[in-house]
Amino acid sequence: MKKRWHITYNAPVTLTFALFCALVLLTDSLLQHQLIPALFTAPGAPFDYHNPLNFLRLLTHVFGHADWNHLLGNLAFILLLGPLMEERYGSPMLALMMTATALVTGVINACLIPAGLLGASGIVFMLIVLASLSTIEKGEIPISFIFIIAIYLGRELGGGAKAANVATVAHIVGGLCGSLFGFMIAPKKRAAKKSGDEKTAAAKTTHSADEAKPQTNYEKLRERLRERQEQLRQTTGNAAQATRPAPSSADGETTVLGTLSL
């Protein structure tokens, strides 16, 4: 029987993020580019605390992009690395990483950079650095991680990224977030292995306790059998004494029945 192929939503966090970014840009195009500046662009310094939308835009700026080239450039990395990291760390943890990266880049931009910020470039660099730390669980620092840090920091500090509303600080902060996540957060497989080892140790302890129990139960059963045998012996002795026959006249005793006169 042939195996049927079917489409799966294998990386819900990554795919949902990509689809929402595309939907935001499409809607913005239909609304004559009024949506992204209003809701999906992080404010610059100085931060206006009187506008409630500014607090929301500190997070939502990662969904806004300047144009389709900007979006497709980010999605190429996100759709490549996102599912791998989602499988490695789990969907909830990846969603938390992306949210933390968006918030940190938005806050730093609002405090230090006069221009607004939009785009998922910070998340892209977070995923790149996080993927380069794939062997950190073995107690090693991969040389690929060092190369990636050197290349992208040299590119950013050298002035290679000068696109409008794409701040270099977002890339650097995203890479730093990825570094922290890679060193501090254990992959899902390692956590599952640790949990499995703990369960195995608990099972061994339980097995050892169960091995000690039969000996105790055997002693109790042996004592009960001994008591039962003693009860049966006493019952048998009483029954034998009760069924013993009474002594007859042949034993030397005389019985007087009466006197006969003629």
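The structure presented is a predicted model; accordingly, all values stated were derived computationally and were not measured.

## Describing the nonpolar core
So, point 1. In terms of nonpolar packing, the biggest core is built from 33 residues, with Phe17, Ile123, Met126 and Leu127 touching the most fellow members.
So, point 2. Where this core is concerned, the elements lending two or more residues are helix 1 (12–30), helix 2 (35–39), helix 4 (68–89), helix 5 (91–112), helix 6 (121–132) and helix 8 (168–184).
So, point 3. Leaving out residues up to four positions away in the same chain, methionine 126 has contacts with Met97, Met98, Thr101, Gly174, Gly175, Cys177, Gly178 and Phe181.

## Concerning a nonpolar patch on the surface
So, point 1. Taken together, Ile141, Ile143, Ile146, Phe147, Ile151, Leu180, Phe183 and Met184 make up a surface patch of nonpolar side chains, about 910 Å² in accessible area.
So, point 2. Secondary-structure elements contributing two or more residues to the nonpolar patch are helix 7 (143–157) and helix 8.
So, point 3. Among the elements that make up the nonpolar patch, the one with the highest residue count is helix 7 (4 residues).
So, point 4. Structurally, the position occupied by methionine 184 is in helix 8.

## Some points on the side chain of threonine 41
So, point 1. Looking at where threonine 41 falls in the secondary structure, it is placed in the loop between helix 2 and helix 3 (52–60).
So, point 2. Within the structure, threonine 41 has its side chain in polar contact with the backbone oxygen of isoleucine 36 (distance 3.0 Å).
So, point 3. Once you skip the residues sitting within four places of it in the chain, threonine 41 turns out to touch Ile36, Arg57, His61, Gly116, Leu117 and Leu118.

Thresholds, definitions, all that
- Residues numbered from 1 in each chain as written.
- Predicted model: local features only at pLDDT ≥ 70, side-chain atom pairs only at ≥ 80, totals over all residues.
- Heavy atoms only, no water.
- Core = buried A, V, L, I, M, F, W, Y, C linked by side-chain atoms within 4.5 Å.
- Buried < 20%, exposed > 50% of the residue type's maximum accessible area, 1.4 Å probe, protein only.
- Helix = DSSP H or I, 4+ residues; strand = E, 2+ residues; numbered from the N terminus.
- Contact = heavy atoms within 4.5 Å.
- Patch = residues over 30% accessible without salt bridge, like charges linked within 9 Å, V, L, I, M, F, W, Y side chains within 5 Å.
- Areas by Shrake-Rupley, 256 points an atom, 1.4 Å probe, with all protein chains shown as cover.
- Salt bridge = Lys/Arg side-chain N within 4 Å of Asp/Glu carboxyl O.
- Polar contact = N/O pair within 3.5 Å; in protein donor to acceptor, adjacent residues only side chain to side chain.

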